[in-house]
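Here is how the chains run, residue by residue.
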Amino acid sequence: MIEAQNITFRYPGAETAALSEVSVEFPRDAISAIVGESGSGKTTLMMCLGRFIRPAQGQALYDRTDVFDIPEHAFRQRLGMVFQKLYLFPHLTVLENMTLAMRHAFGRDRRETDQEAEAMLERLGIAEILDRYPSQISGGQAQRAAIARGLLLRPDYMLLDEPTSALDARTTDAFAEWLRSLKDQTNFIVVTHDILFARRAADRGVCLMNGQIASEGPIEEALSRLHLNEK
Ligand SMILES: Nc1ncnc2c1ncn2[C@@H]1O[C@H](COP(=O)(O)OP(=O)(O)OP(=O)(O)O)[C@@H](O)[C@H]1O
Ligand SMILES: [Mg+2]
């Protein structure tokens, strides 16, 4: 399980801490949403969980081990991340984008990785974009391709930062359903400011407010307490 234990993080030069004594667990077999207003610390928490930044106090734990004590390569394989900016290489097709990491970082054979990538796109219902370049697919398709690429590495957890920011309401609903259909593939943690999306996609919720946990628990419960706090 991945968890934050008493994490405090302050950006250099910032007057207030972006996260203050944040403790929260992200159990397996649930899609978790991290929600909260802009600036509440959602992305910062995700960066701590993904060991991109080291908290001044407290720690992010993966199966009870400080994420910084796990060898980088092993950790990256267990925990996938899709940032808001998708980082698909523009000069490579979707298929090539998907298999690049497997071939280079893991030394896998091209034919084998191509087959796996094709099967994954098929499974995710976007097989038709296989040979297209990132400029030839929609924002929603690019989002799915980036997630498909991450899933190929069979991560234990996958963190998504604002995956619906480029999607309209209808596509967002379909995307929520799509994520839920992938629950057998990995454990998603989704950062979002979209409450409707969180409600549709997630089983559990963590609400941040000014860098602190305002509420957490089953999604409806977590959100209802957030609304109470807003009044
Ligand atoms: N690189 C940085 N340097 C200084 N302060 C930062 C930096 N990144 C974020 N912050 C500040 O830390 C706080 C938390 O930011 P964070 O990006 O985690 O919020 P967020 O909840 O993800 O917001 P959004 O919904 O807008 O993405 C904010 O007050 C923000 O201004
Ligand atoms: Mg953010």
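Bear in mind the structure is a predicted one, so any value in this text is a computation, not a measurement.

**Some thoughts on the site of ligand 1**
Stage number 1. Taken together, Tyr-11, Ala-18, Glu-37, Ser-38, Gly-39, Ser-40, Gly-41, Lys-42, Thr-43, Thr-44 and Glu-162 make up the full set of residues adjacent to ligand 1.
Stage number 2. Ser-38 has a polar side-chain atom sitting 2.5 Å from an oxygen atom of ligand 1.
Stage number 3. The separation between an oxygen atom of ligand 1 and a polar side-chain atom of Lys-42 is 2.7 Å.
Stage number 4. Considering only residue class, the shell around ligand 1 consists of 2 nonpolar, 6 polar and 3 charged.

**Focus: the sheet that holds strand E10 (residues 212-218)**
By definition, the strands of a sheet pair up through backbone hydrogen bonds, in either a parallel or an antiparallel sense.
Stage number 1. The strand order across the open sheet built from 6 strands is E6-E7-E8-E3-E9-E10, with neighbouring strands paired in mixed fashion. Two strands close off the open sheet at either side, each with one partner strand: strand E6 (79-82) and E10. In this sheet, adjacent strand axes meet at a mean angle of 15° when their direction is disregarded.
Stage number 2. Where E6 lies against strand E7 (residues 157-161), 4 bridges are found, and the strand directions are parallel.

**A short note on the state of the cysteines**
Stage number 1. Applying the stated criterion to the full structure yields 0 disulfides.
Stage number 2. Looking at the unpaired Cys-207, the closest cysteine sulfur is the one in Cys-48, lying at 18 Å.

**Let's talk about the pattern of salt bridges**
Stage number 1. Scanning all chains against the criterion turns up 13 salt bridges.
Stage number 2. Between Asp-203 and Lys-183 there is a salt bridge, and its shortest N-O distance comes to 2.9 Å. Of the two residues, Asp-203 sits in the loop between helix H7 (195-201) and strand E9 (204-209) while Lys-183 sits in the loop between helix H6 (169-180) and strand E8 (187-191), which places them 20 residues apart along the sequence.
Stage number 3. The class for Lys-183 is partly exposed, based on a relative accessible area of 29%.
Stage number 4. By sharing partners, the salt bridges in this structure join Arg-28, Asp-63 and Asp-156 into a single network.

**Re unusual backbone geometry**
Stage number 1. Look at Glu-21: it is not a glycine, yet its phi comes out positive at around 45°.
Stage number 2. Phi is positive for Asn-210, which is not a glycine, with a value near 50°.
Stage number 3. Its location among the elements puts Asn-210 in the loop between E9 and E10.

**Topic: the environment of Ile-126**
Stage number 1. Inspection of the secondary structure assignment puts Ile-126 in the loop between helix H4 (110-123) and helix H5 (139-152).
Stage number 2. Taking the relative accessible area as the measure of exposure, Ile-126 reaches 4% and is therefore buried.
Stage number 3. In this view, Ile-126 contacts Leu-121, Arg-144 and Ala-145; residues no more than four positions away in its chain are not counted.

**Some remarks on the layout of surface pockets**
Stage number 1. Reported here for the largest pocket is a volume of approximately 580 Å³.
Stage number 2. Lining the largest pocket we find 25 residues, and of these Met-81, Ala-101, Arg-149, Gly-150 and Leu-153 sit closest to its centre.
Stage number 3. Mapped onto the lining of the largest pocket, the elements with two or more residues apiece are helix H2 (72-78), E6, helix H3 (94-104) and H5.
Stage number 4. Residues of the lining of the largest pocket, tallied by class, amount to 16 nonpolar, 5 polar and 4 charged.

**Structural notes on the packing of H3 against H5**
Angle between the axes and distance between the axes are the two parameters that describe a pair of packed helices.
Stage number 1. Axis separation between H3 and H5 bottoms out at 9 Å; the angle between their running directions is 30°. As far as their axial angle goes, H5 and H3 are roughly parallel. Seen along the crossing, H3 lies across H5 with a hand that is right-handed. Residues Val-94, Asn-97, Met-98 and Met-102 of H3 touch H5, and the partners they reach there are Ala-145, Ala-148, Arg-149 and Leu-152.
Stage number 2. Taken together, the residues that form the contact of H3 with H5 break down as 6 nonpolar, 1 polar and 1 charged.

Conventions used here
- Residues numbered from 1 in each chain as written.
- Chains lettered and ligands numbered in written order.
- Predicted model: local features only at pLDDT ≥ 70, side-chain atom pairs only at ≥ 80, totals over all residues.
- Heavy atoms only, no water.
- Near = heavy atom within 4 Å.
- Polar contact = N/O pair within 3.5 Å; in protein donor to acceptor, adjacent residues only side chain to side chain.
- Nonpolar A, V, L, I, M, F, W, Y, C, P; charged D, E, K, R; others polar.
- Pairing = 2+ DSSP bridges.
- Helix = DSSP H or I, 4+ residues; strand = E, 2+ residues; numbered from the N terminus.
- Axes fitted to C-alpha atoms, helices over the stretch in contact; angles between N-to-C directions.
- Disulfide = S-S within 2.5 Å.
- Salt bridge = Lys/Arg side-chain N within 4 Å of Asp/Glu carboxyl O.
- Buried < 20%, exposed > 50% of the residue type's maximum accessible area, 1.4 Å probe, protein only.
- Contact = heavy atoms within 4.5 Å.
- 1 Å grid on protein atoms, 1.4 Å probe; cavity = no way out; pocket = protein on both sides within 12 Å on 5 of 7 lines; lining within 4 Å.
- Points joined across faces, edges and corners; volume = space filled by probe spheres on them.
- Parallel < 35°, antiparallel > 145°, perpendicular 65-115°, else oblique.
- Left-handed = near helix turned anticlockwise from the far one by under 90°.

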